[in-house]
Amino acid sequence: MAADATVAEQEYLESMFWIDEAGLPMTGANIARAMQLSAPTVHEMVGRLIKDGYVERNPDKSLAFTEGGREKASYIVRRHRMIERFLTDVLKIPWDEVHEEAERIEHAMSPVLEERMRAAIGDATTCPHGHPIVEGIRERGSLLADVEVGADVVVLRFENEAEELLHYLMDAGLHPGLAGKVSESDKDHVTIKADDGDHVVTYSVAETVSVRADPAPPPRAAIPEQLVLSSDRYGR
Ligand SMILES: [Zn+2]
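Residues numbered from 1 in each chain as written. Predicted model: local features only at pLDDT ≥ 70, side-chain atom pairs only at ≥ 80, totals over all residues. Heavy atoms only, no water.

1. Some thoughts on the coordination of the zinc ion
The test is simple: Sites may look incomplete, because water is not among the atoms used; the donor set itself consists of N, O and S atoms within 2.8 Å of the metal (3.2 Å for Na, K and Ca). Under this scheme a four-donor centre is tetrahedral when all angles range from 85 to 135 degrees, a four-donor centre is square planar and a six-donor centre octahedral when opposite donors are above 155 degrees with the rest from 65 to 115, and any other centre is irregular. Counting from the N terminus, the helices are DSSP H or I runs at least four residues long and the strands are E runs at least two residues long. Burial status follows relative accessibility: with a 1.4 Å probe on protein chains alone, a residue under 20% of its type maximum counts as buried, one over 50% as exposed, and anything between as partly exposed.
Around the zinc ion, the protein supplies E84 (OE), C127 (SG), H129 (ND1) and E161 (OE) as donor atoms, at distances of 1.9 to 2.4 Å. Every donor counted, the 4 donor atoms about the zinc ion form angles of 74 to 133° at the centre, which fits irregular coordination. Here the donor residues of the zinc ion are spaced in sequence according to E-x42-C-x1-H-x31-E. On the criterion of sequence distance, the pair formed by E84 in helix α4 (residues 67-89) and C127 in the loop between α6 (111-120) and β3 (142-143) is long-range, its members being 43 residues apart. Take E84 and C127: they sit in the same class, and that class is buried.

Here is the structure:
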């Protein structure tokens with residue numbers, strides 16, 4: 001494996017880790033959609049990731065991490081989430097603004113700064129959007145759009161961290177940990193009735209919000225494309 005991944009390689013590993021974590025097949029097409037890049041660009045970089053030992057190609061042409069590649073990707077993703085948590089909790093930057101900030105600084109940090117940040121966030125286990133910083137604690141949950149009227153829900157995560165979506169979710173009053181009841185749900189809007197009032201989001205945004213629901217809807221066969229499509233560049 002190469003001594004260290006380039007910034008471009010790290011960005012790919014980050015997106016690929018997310019695709020895998022969200023349960024989407026790790027294919028060139030999904031990487032291209034997630035990163036808003038053309039297929040030839042992705043093809044070329046995937047070739048480099050294979051050559052450098054991070055990724056391998058399955059007989060069916062889909063991609064998989066090598067052991068070292070998965071470790072590297074997991075580290076990059078968890079570092080990104082840790083920085084987001086530092087920006088919200090220590091620097092008090094609103095959570096709908098930290099994803100892009102973290103993208104800008106994550107590749108330029110020294111190990112010493114990283115260690116200091118990690119100490120500063122204390123025992124926080126997720127990024128401000130609900131994604132795990134430590135491994136093995138991800139609760140799968142259901143998509144808010146699938147939950148029936150009358151069910152109790154707790155918001156677990158915002159799956160798509162595109163900045164425009166995070167602004168929308170904040171304006172709607174949603175945040176990880178918000179608890180309430182689905183009081184209305186149709187193909188246009190979904191409403192969560194909580195102690196602090198009604199929170200309404202569009203159906204397509206509700207397809208990007210993971211919740212713990214009781215009763216829980218049956219799991220989806222296909223993952224909605226809202227998870228990867230955005231006018232913004234998509235990253236973890
Ligand atoms: Zn995040």
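2. As for the sheet that holds strand β8 (residues 209-214)
Test applied: One bridge is not enough; two strands pair if DSSP finds at least two bridges between them. Throughout, a contact is declared for two residues whenever any of their heavy atoms are within 4.5 Å. Axes, fitted as lines to C-alpha atoms, cover a helix only where it is in contact. Angles between the N-to-C directions of the axes lie from 0 to 180 degrees.
Read across the sheet, 6 strands follow the order β3-β8-β4-β5-β6-β7 without closing on themselves; strand pairing throughout is antiparallel. The outermost strands of the open sheet, each flanked by one partner alone, are β3 and β7 (197-202). Bridge analysis of strand β4 (residues 152-158) against strand β5 (residues 179-185) gives 3 bridges, and the strand direction is antiparallel. Residue pairing across strands places V154 opposite A179, the latter belonging to β5. Taken strand by strand, helix α7 (residues 163-171) contacts β4, β7 and β8, and its axis lies near 155° from that of β7.

3. Some points on the packing of aromatic side chains
Think of a pair of aromatic rings as described by two things: how far the centres are apart, and how the planes are tilted against each other in angle. For clarity, the cut-off: Here a pair means two rings of Phe, Tyr or Trp (six-membered ring of Trp) with centres within 6.5 Å. Their orientation is stacked below 30 degrees between planes, edge-to-face above 60, and tilted elsewhere.
All chains considered together, the criterion is met by 2 aromatic pairs. Here the aromatic rings of F17 and F65 are separated by 6.5 Å at their centres, their planes lie at 45°, and the arrangement is tilted. Here F17, found in helix α1 (residues 7-21), pairs with F65, found in strand β2 (residues 63-65); they are 48 residues apart in sequence, far enough to count as distant. According to the relative accessible area criterion, F65 is buried, its value standing at 8%. Ring plane angle 35° and centroid distance 5.4 Å describe the contact between W95 and F158, whose orientation is recorded as tilted. Pair noted here: W95 is in the loop between α4 and α5 (98-105) and F158 is in strand β4, with a separation of 63 residues, a long-range link.

4. As for the domain arrangement of the protein
Defined as follows: Each domain span listed reflects an automatic or database assignment of domains. Summed over both partners, the accessible surface that disappears when two parts come together, traced with a 1.4 Å probe, is what is meant by buried area. Between Lys or Arg on one side and Asp or Glu on the other, a salt bridge is scored when a side-chain nitrogen of the former is within 4 Å of a carboxyl oxygen of the latter. Under the rule applied, a polar contact is a pair of N or O atoms within 3.5 Å (in protein, one hydrogen donor and one hydrogen acceptor; residues adjacent in sequence only if both atoms are side-chain atoms).
For the protein, the assigned domains read domain 1 (1-138) and domain 2 (142-227). Summarising the inter-unit geometry, the C-alpha centres of domain 1 and domain 2 are found 24 Å apart. Between domain 1 and domain 2, the contact holds 18 residues from the first and 16 residues from the second. When the buried surface of domain 1 facing domain 2 is broken down by residue, W95, D96 and H129 rank first, second and third, together holding 38% of it. Applying the counting rule to domain 1 against domain 2 returns 1 salt bridge. Close ionic contact of E159 with R138 constitutes a salt bridge, the shortest N to O distance being 3.5 Å. The interface formed by domain 1 and domain 2 includes 4 residue pairs in polar contact (both at pLDDT 80 or more).

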